[in-house]
Amino acid sequence: MSPTPTALLSPADQERRRGLRLMKGVALGALVAMAVVFVISFAFQAQVPALAYVRAAAEGGMVGALADWFAVTALFRHPLGIPIPHTAIIPNRKDEIGRTLGEFVETEFLRSDVVRTKLEATAISARLGEWLSDPVHAERVAAEASVMASGVLEALSDDDVQGIIEDLAREHLIAPEWGPPLGAWLGRIVESGAHHGAVDMAVDTIGAWLEANRVAFTGLVSKRLPSWLPSVAHRLVDDTVYNEAVKFVAAVRADPDHQARQAIDGYLDRLAENLQHDPATIGRLEDAKSTVFDSPRIRELAAEAWNTAKAGLLTSLADPDSALRRRAATALAEIGERLTTDASLQRRVDSWVTDAAVFLVDRYRHDIASIITDTVERWDPKETTEKIELMVGRDLQYIRLNGTVVGALAGLAIFSIAHAFLG
């Protein structure tokens with residue numbers, strides 16, 4: 001069993017329907033009252049001549065009430081169900097009304113000068129900044145943006161994104177030649193001496209390792225000596241090698257101009273030069289790069305990068321206490337504060353919003369207005385008529401009531417003038 005039309009109406013529409021029925025009753029009551037007055041005055045006007053004036057007023061009131069009832073009813077349906085021409089205007093001309101309304105909105109409301117004037121008179125950025133500077137509002141915007149971003153991430157195809165990452169990596173990371181730019185970068189580092197800190201760290205690391213791993217030198221050299229040598233000689237050789245290694249590292253650590261440091265500088269300088277100009281060195285580097293970053297490896301790296309980034313983003317976006325959400329809310333509040341206090345920024349933002357809105361209106365105002373036309377065309381005529389009648393019908397009943405009063409006054413005036421001049 002389908003629901004009744006009243007059950008489908010919103011509470012506001014049901015309240016309007018009750019008001020409409022009440023006013024229809026009042027207007028009908030006025031017509032009935034005029035009819036009763038007319039009958040009584042018509043019946044007794046011969047005995048009471050003054051009742052002729054009352055009869056004329058009642059007669060005019062009935063005519064006015066009936067005429068306005070016909071006019072109001074003709075807007076929404078055929079009076080008494082009779083298909084009189086030019087009645088039931090709204091259901092019969094619904095589409096034309098929608099087109100006319102769309103054209104009116106397009107030509108009168110969506111003009112660039114109207115939009116620009118309205119926006120220029122509105123302190124858009126200041127109001128936005130005042131609203132956004134409230135931490136509660138900033139957190140709300142951050143939360144809504146997080147939901148939208150999570151939806152976008154979930155909707156993205158993992159295979160497509162991984163393919164894009166793979167293509168970008170191949171185009172910008174794998175395909176270009178690494179040797180010359182890497183050699184130039186290494187040359188600048190050697191020239192500026194920026195590598196000395198790394199050399200110092202390496203020497204310190206080797207020295208610390210030597211101090212902690214003296215046992216590792218036991219038998220390192222002595223096991224290659226003849227077996228007939230006494231064990232004392234073996235230990236002496238191992239201790240000598242260890243001590244010399246410790247002294248060498250200490251000397252390198254203490255002397256910034258040590259030969260070992262100069263050798264490292266020379267090697268790095270030659271390597272930087274060869275990476276830029278030696279085809280053999282460049283070729284070996286490219287071969288090594290191709291071996292490391294073969295196609296399966298690139299796909300694996302792209303998949304790992306996307307999956308890691310996606311999982312991290314989704315986790316951060318879903319957690320209200322995550323660093324990402326907190327920073328986003330803080331940044332939005334700071335933007336709102338700047339929009340509230342920075343007059344120069346306000347002018348720039350207002351100008352940008354106004355220009356963008358005017359551009360959109362100029363280019364798409366027909367498409368925007370067509371929403372009205374298309375929406376009205378999709379409406380059911382009966383439902384459209386009922387909705388419009390609920391919106392304005394109560395006020396239209398006042399026309400019937402006013403027509404009754406005006407008709408009565410007009411009837412009385414006409415009868416009085418005619419009686420005064422014609423007898």
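Our subject is the structure that appears above.
Definitions and limits used
- Residues numbered from 1 in each chain as written.
- Predicted model: local features only at pLDDT ≥ 70, side-chain atom pairs only at ≥ 80, totals over all residues.
- Heavy atoms only, no water.
- Helix = DSSP H or I, 4+ residues; strand = E, 2+ residues; numbered from the N terminus.
- Rg over C-alpha atoms; globule rule 2.2 N^0.38 Å.
- Buried < 20%, exposed > 50% of the residue type's maximum accessible area, 1.4 Å probe, protein only.
- Contact = heavy atoms within 4.5 Å.
- Salt bridge = Lys/Arg side-chain N within 4 Å of Asp/Glu carboxyl O.
- Phe/Tyr/Trp six-rings, centres within 6.5 Å; stacked < 30°, edge-to-face > 60°.
- Expected span 1.5 Å × (residues − 1).
- Arc of directions from axis to C-beta.
- Bend = angle between axes of the 7 residues up to and from the residue.
- Core = buried A, V, L, I, M, F, W, Y, C linked by side-chain atoms within 4.5 Å.
- Patch = residues over 30% accessible without salt bridge, like charges linked within 9 Å, V, L, I, M, F, W, Y side chains within 5 Å.
- Areas by Shrake-Rupley, 256 points an atom, 1.4 Å probe, with all protein chains shown as cover.
- Axes fitted to C-alpha atoms, helices over the stretch in contact; angles between N-to-C directions.
- Parallel < 35°, antiparallel > 145°, perpendicular 65-115°, else oblique.
- Left-handed = near helix turned anticlockwise from the far one by under 90°.
- Nonpolar A, V, L, I, M, F, W, Y, C, P; charged D, E, K, R; others polar.
- Polar contact = N/O pair within 3.5 Å; in protein donor to acceptor, adjacent residues only side chain to side chain.

Participant: Any chance you could break down the overall build of the protein for me, citing the residues and the numbers?
Facilitator: For the protein, the count of helices and strands is 18 helices and zero strands. Here the C-alpha atoms of the protein give a radius of gyration of 46 Å, more than 25% beyond the 22 Å that 2.2 N^0.38 yields for 423 residues. When the backbone C-alpha atoms are referred to their principal axes, the protein occupies close to 165 × 55 × 40 Å. Counting the 423 residues in the protein, one finds 27% classified as buried. Taking all contacts inside the protein whose residues are at least 6 apart in sequence as the whole, residues at least 24 apart take part in 71%.

Participant: With reference to specific residues and values, describe the pattern of salt bridges.
Facilitator: Inspection of the entire model under this criterion finds 19 salt bridges. The residue R18 makes a salt bridge to E15 at a minimum N-O spacing of 2.6 Å. With R18 and E15 both in helix α2 (residues 11-44) and three residues apart, the pair spans about one turn of that helix. Of the residues examined, R18 reaches a relative accessible area of 48% and is grouped as partly exposed. The exposure class assigned to E15 is partly exposed, which follows from its relative accessible area of 48%.

Participant: Kindly report on the packing of aromatic side chains, identifying the contributing residues and their values.
Facilitator: With the rule as written, the count across this model stands at three aromatic pairs. For the pair Y53 and F415, a centre-to-centre distance of 5.1 Å together with 90° between the ring planes defines the contact as edge-to-face. In this pair, Y53 is assigned in helix α3 (residues 51-76) and F415 in helix α18 (residues 381-422), connecting sequence segments 362 residues apart. A relative accessible area of 31% means that Y53 is categorised as partly exposed. Taking 5.5 Å as the distance between ring centres and 75° as the angle between the ring planes, the aromatic pair formed by F104 and F109 counts as edge-to-face. Overall, F109 belongs to the partly exposed group, its relative accessible area being 49%.

Participant: Break down helix α16 (residues 323-341) for me, with residues and values.
Facilitator: With 19 residues, α16 extends 27 Å from end C-alpha to end C-alpha; this agrees with the ideal 27 Å at 1.5 Å per step. Turning to α16, its buried residues number three or more, namely R325, A329, A333, G336 and L339. For α16, the buried positions fall inside an angular range of 120° around the axis, keeping them on one side. Facing away from the buried side of α16, by more than 90 degrees, are the exposed residues R327 and T341.

Participant: So what about α18? Which residues, and what values?
Facilitator: The end-to-end C-alpha distance of α18 is 52 Å, clearly below the 62 Å that 42 residues give at a rise of 1.5 Å each. Of all the bends in α18, the greatest measures close to 55° and is centred on G393.

Participant: Outline the nonpolar core, listing residues and values.
Facilitator: In terms of nonpolar packing, the biggest core is built from eight residues, these being V105, L110, V115, L119, I124, V358, V361 and A369. Taken together, the elements giving at least two residues each to this core come down to α6 (112-120) and α17 (343-378). If one sorts the elements of this core by residue count, α17 sits on top with three residues. Every residue in contact with V115, bar those within four places of it in the chain, is listed here: F109, L110, A357, V358 and V361.

Participant: Just give me the short version of a nonpolar patch on the surface, but keep the residues and values in it.
Facilitator: Taken together, L28, V32, V36, I40 and F44 make up a surface patch of nonpolar side chains, about 440 Å² in accessible area. Tracing the sequence through the fold places F44 in helix α2.

Participant: Which residues make up the packing of α2 against α3, and what values do they have?
Facilitator: The N-to-C vectors of α2 and α3 enclose an angle of 150°; their axes lie 8 Å apart at closest approach. Here α2 is positioned roughly antiparallel relative to α3, judged by the angle of their axes. The chirality of how α2 crosses α3 is left-handed. Of the residues in α3, those in contact with L31, M34, A35, V37, F38, S41, F42 and F44 of α2 are L51, V54, R55, A57, A58, E59, G61, M62, A65 and L66. Here the contact of α2 with α3 is composed, by residue class, of 14 nonpolar, two polar and two charged.

Participant: Outline the side chain of E389, listing residues and values.
Facilitator: Looking at where E389 falls in the secondary structure, it is placed in helix α18. The exposure class assigned to E389 is buried, which follows from its relative accessible area of 8%. One polar contact links E389 to R77, side chain to side chain, over a distance of 2.7 Å. When neighbours within four sequence positions are excluded, E389 is seen to be in contact with L20, K24, F76, R77 and R394.

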